[in-house]
Amino acid sequence: MSDKLLFKSASAAVETKGIEALKVLADVLNKNNDIDILVEGHTDNIPIRTALYHDNWDLSAARAISIVRILTDEYNIAPTRLTASGKGEYFPRPQT
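Residues numbered from 1 in each chain as written. Predicted model: local features only at pLDDT ≥ 70, side-chain atom pairs only at ≥ 80, totals over all residues. Heavy atoms only, no water.

Q: Whenever I open this one, helix α3 (residues 56–74) confuses me. Can you help?
A: Every α-helical turn comprises 3.6 residues, leaving residues that sit three or four positions apart pointing alike. Helix length check: α3 (19 residues) gives 26 Å between terminal C-alpha atoms against 27 Å at 1.5 Å per residue, within 8%. Buried residues of α3: Asn56, Leu59, Ser60, Ala62, Arg63, Ala64, Ser66, Ile67, Val68, Ile70, Leu71 and Thr72, and no others. N-cap assignment for α3: the residue whose side-chain oxygen lies 3.1 Å from the backbone N of Trp57 is Asp55. Once α3 ends, the next one or two residues include Asn76, with phi positive near 60°. (Helix = DSSP H or I, 4+ residues; strand = E, 2+ residues; numbered from the N terminus. Expected span 1.5 Å × (residues − 1). Buried < 20%, exposed > 50% of the residue type's maximum accessible area, 1.4 Å probe, protein only. Polar contact = N/O pair within 3.5 Å; in protein donor to acceptor, adjacent residues only side chain to side chain.)

Q: Got a minute to help me understand unusual backbone geometry in this structure?
A: One non-glycine residue, Ala10, lies in positive phi territory at about 65°. With respect to the helices and strands, Ala10 occurs in the loop between α1 (3–6) and α2 (16–31).

Q: It is not clear to me how the pairing of strand β1 (residues 37–41) should be interpreted in this structure. Could you clarify?
A: Consecutive side chains along a regular strand alternate between the two faces of the sheet. Of the pairings in the sheet, the one linking β1 to strand β2 (residues 82–86) comprises five bridges and is parallel in character. Among the inter-strand pairings, Gly41 is bridged to a residue of β2, identified as Gly86. (Pairing = 2+ DSSP bridges.)

Q: Is there a simple way to think about the packing of α2 against α3 in this case?
A: Two packed helices can be described by the angle between their axes and the distance between those axes. The interhelical angle for the contact between α2 and α3, taken along N-to-C directions, is 60°, at an axis separation of 10 Å. Between α2 and α3, the angle is such that the two are oblique. Of the two elements, α2 crosses α3, and the hand of that crossing is right-handed. Contact residues: α2 offers Ile19, Leu22, Leu25 and Ala26, while α3 offers Ile67, Ile70 and Leu71. Looking at the contact of α2 with α3 residue by residue, the class counts come to seven nonpolar, no polar and no charged. (Axes fitted to C-alpha atoms, helices over the stretch in contact; angles between N-to-C directions. Parallel < 35°, antiparallel > 145°, perpendicular 65-115°, else oblique. Left-handed = near helix turned anticlockwise from the far one by under 90°. Contact = heavy atoms within 4.5 Å. Nonpolar A, V, L, I, M, F, W, Y, C, P; charged D, E, K, R; others polar.)

Q: Would you take a moment to explain the pattern of salt bridges for this structure?
A: Close approach of charged atoms allows side chains with opposite charge to pair. Applying the stated criterion to the full structure yields two salt bridges. For Asp27, the salt bridge is made with Lys23, and the minimal N-O distance between the two is 3.4 Å. Placement of both Asp27 and Lys23 in helix α2 is noted, with a separation of four residues, approximately one turn of the helix. Using a relative accessible area of 33% as the deciding quantity, one classes Asp27 as partly exposed. Residue Lys87 is joined to Glu40 by a salt bridge in which the shortest nitrogen-to-oxygen separation is 3.9 Å. Taken together, the residues Lys87 in the segment after β2 and Glu40 in strand β1 connect sequence positions 47 residues apart. You can call Lys87 partly exposed: its relative accessible area is 28%. (Salt bridge = Lys/Arg side-chain N within 4 Å of Asp/Glu carboxyl O.)

Q: How should the side chain of His42 be read in this particular structure?
A: Locating His42 in the fold gives a position in the loop between β1 and α3. Polar side-chain contacts of His42 include one of 3.4 Å to the side chain of Glu40.

Structure (structure tokens):
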């Protein structure tokens, strides 16, 4: 899913449209229990340092965890089926 659908810049809070898209994904996952998911969090290539995030790697991992939490907490996907991974500045999304 596009990071622009899911997050505002420098944020790990999932946007409303992103939550709606995750529901569609969760419906598919709940019908197909043999599918496991690797959630990769990404950022752009603009370095950040905030009180919440030491760098883009922290932000990307927080984004992936936000998605995993929604899938497990809101849509009852088994946590054993999900892995969160942060790519950060080491695999940035290009600026658009």
